[in-house]
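# Geometric and topological summary
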Amino acid sequence: MNREHGAGPPEGLGDFEQPKIPKYWPEGLKEQAIKYADIDEEGLLKELAQVLPPVEIERIREVSRELAAMEKDIVKLDQVDRLRLLWQTSGVMDPGFLRDDFTVDPRVGRDSMPAFSHNRYQHSKLIGFYVKAVLSRLGENTVAIKNGVATAWFHDSGHSALAHTGDDFMVKNGVSDHEQRAIGRLKEPETQEFLKKHQLDESQIVDTIQEQGRFGQLQKVMDTLSYTTIDTAMYGNPKYPDSGAGMIADIEGLDPETGGLIVKSTEKWQDLLETRAEMMQRYYRSEEDMLADNAKLQVVRLAPKLDRMAGIEDDRTLRPELVGIYNDFGLWMGIKGFQIVWKDTPFKPKIDRLVQLATGDRSGWDIKKFATREEALTEQESIPPELRDFSFIMEPYTDYTDKTLDVYTRGEKGLERHELRAQKTKLTEEDTMYVVAVPK
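Report on the accompanying structure.

What counts as what
- Residues numbered from 1 in each chain as written.
- Predicted model: local features only at pLDDT ≥ 70, side-chain atom pairs only at ≥ 80, totals over all residues.
- Heavy atoms only, no water.
- Axes fitted to C-alpha atoms, helices over the stretch in contact; angles between N-to-C directions.
- Helix = DSSP H or I, 4+ residues; strand = E, 2+ residues; numbered from the N terminus.
- Parallel < 35°, antiparallel > 145°, perpendicular 65-115°, else oblique.
- Left-handed = near helix turned anticlockwise from the far one by under 90°.
- Contact = heavy atoms within 4.5 Å.
- Nonpolar A, V, L, I, M, F, W, Y, C, P; charged D, E, K, R; others polar.
- Core = buried A, V, L, I, M, F, W, Y, C linked by side-chain atoms within 4.5 Å.
- Buried < 20%, exposed > 50% of the residue type's maximum accessible area, 1.4 Å probe, protein only.
- Salt bridge = Lys/Arg side-chain N within 4 Å of Asp/Glu carboxyl O.
- Pairing = 2+ DSSP bridges.

## Observations regarding the packing of helix α5 (residues 120–137) against helix α11 (residues 216–234)
Orientation of α5 relative to α11, taken along the N-to-C sense of each, is 130 degrees, at an axis distance of 9 Å. For the element pair α5 / α11, the angle class is oblique. Classified by chirality, the crossing of α11 by α5 is right-handed. Contacts from H123, L126, I127, Y130, V131, V134 and L135 in α5 reach L218, Q219, M222, D223, L225, S226, Y227, T229 and I230 in α11. The residue inventory of the contact of α5 with α11, partitioned by class, reads eleven nonpolar, four polar and one charged.

## Looking at the nonpolar core
The nonpolar side chains of soluble globular proteins are, as a tendency, buried together. Counting 72 residues, the largest nonpolar core has L48, I74, F154, M222, L261 and W269 as the members making the most contacts within it. If one sorts the elements of this core by residue count, α5 sits on top with nine residues. Beyond its immediate stretch of four places on either side in the chain, F154 contacts I74, L77, Q79, V80, A182, L186, T191, F194, L195, I205 and I209. Counting residues in hydrophobic clusters, the runner-up holds 16 residues, among them M290, L357, F390 and V435.

## What about the pattern of salt bridges?
For the coordinates displayed, the defined rule picks out 24 salt bridges. A salt bridge links E140 to R214; the shortest N-O distance between them is 2.6 Å. Pair noted here: E140 is in the loop between α5 and α6 (142–154) and R214 is in the loop between α10 (202–209) and α11, with a separation of 74 residues, a long-range link. Among the salt bridges present, the one from D402 reaches R276, with a minimum N-O distance of 3.4 Å. Placement of the pair is D402 in the loop between β5 (392–394) and β6 (404–411) and R276 in helix α13 (residues 267–284), with a sequence separation of 126 residues. According to the relative accessible area criterion, R276 is buried, its value standing at 9%.

## A short note on the sheet that holds strand β3 (residues 261–263)
Spatial strand order, β2-β3-β6-β7: four strands in an open sheet with mixed pairing. Every interior strand has two partners, whereas the edge strands, β2 (251–254) and β7 (414–421), have only one. Going across the sheet, the axis of each strand differs from the next one's by a mean of 35 degrees, ignoring polarity. Pairing analysis gives eight bridges linking β6 to β7, with the strands arranged antiparallel.

## Some details on unusual backbone geometry
The phi angle at Q199 is positive, at roughly 55 degrees, despite the residue not being glycine. Counting through the fold element by element, Q199 comes out in the loop between α9 (189–197) and α10. For S243, which is not glycine, the phi torsion reads 60 degrees and is therefore positive. For S243, the position within the fold is in the loop between α11 and α12 (245–249). What makes S243 buried here is its relative accessible area of 6%.

Given below as structure tokens:
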């Protein structure tokens, strides 16, 4: 079953605005996205003050004062500071990056918006706010809250610059996943000194990063709430214009055995999963964005055939031969000051074509779809040898509803458990196809 490309983005998937971005940023939308990503603690407290009693707001402020020294130190750690460099590079690249005059230090700024409006520093900061607010409201002691907030800052610190785009590929090449890499970085002398200074529990942080233990479920849910809050705003339809305050206020406790959230009602949390699934299908794993991601990864696969890529980051959690391949290419895509520096070789025109596809421009590509992997492999075998290295097979995403969430409500007989899973988003025939991409 072969289907030539031609179908547009799926219809009927809620009220997200068309046309699909982030290939460009309509007037005002970039500023709105940055506002959500850069919300500070005082801004979040103002939102919480609309839905929480003054005594709870004061408790959060009190805890913030108690955590101030730790938070001042944690953002100085290399493990955390590097999050400022990790812009979300999944999805279609902004063509504005394809320039030759990048000369500014990467920490200074960017010329234009990458696929996403925020970096992992901002994402982690918002999770830390959420965790602090929830645990303060629930009456947890300062030591426990410090561990929870520290985990929020550490949990993504094992990502390479290619983030989720390259994580699976790295695992296939013998590198541990980003969570294990984050845990590995906890052993760095600087971080060990920090943990000791602030009397933090490393074992609890490790459990929570792996979404286990007493606060594992809270970390899991606040992680999802953070990127959903920022990303829906970025795509022009803020799902949580209160920056998630209403969700925080809906939490009444944590189950003592599982750490699951005890909530006032299940509706808000079901809707969170529905929104995530819709975002997965429409944006994170849309055909356009997945083609762009696979084009980037094909450049990564070809990197040994190219000159060394330019870059500055030395990620000590990676095997040395992978440092340049993963980090430098990802930083080139998302940060000012980086570019690929291959020479004029027979490879260059096809590499340029891959970069073109990463910006969403398919004009130089033949895109064919097949119902089975076998059909796709047969098609790939028929590709002329001079094009085979630059072609790729894009596999379908298995299930947009794969994330589940156990929450509890208080009933007449005690806590009642609810296993939630997105129900509205269904796999379409297009979602199940194997795509073969070949440069013309």
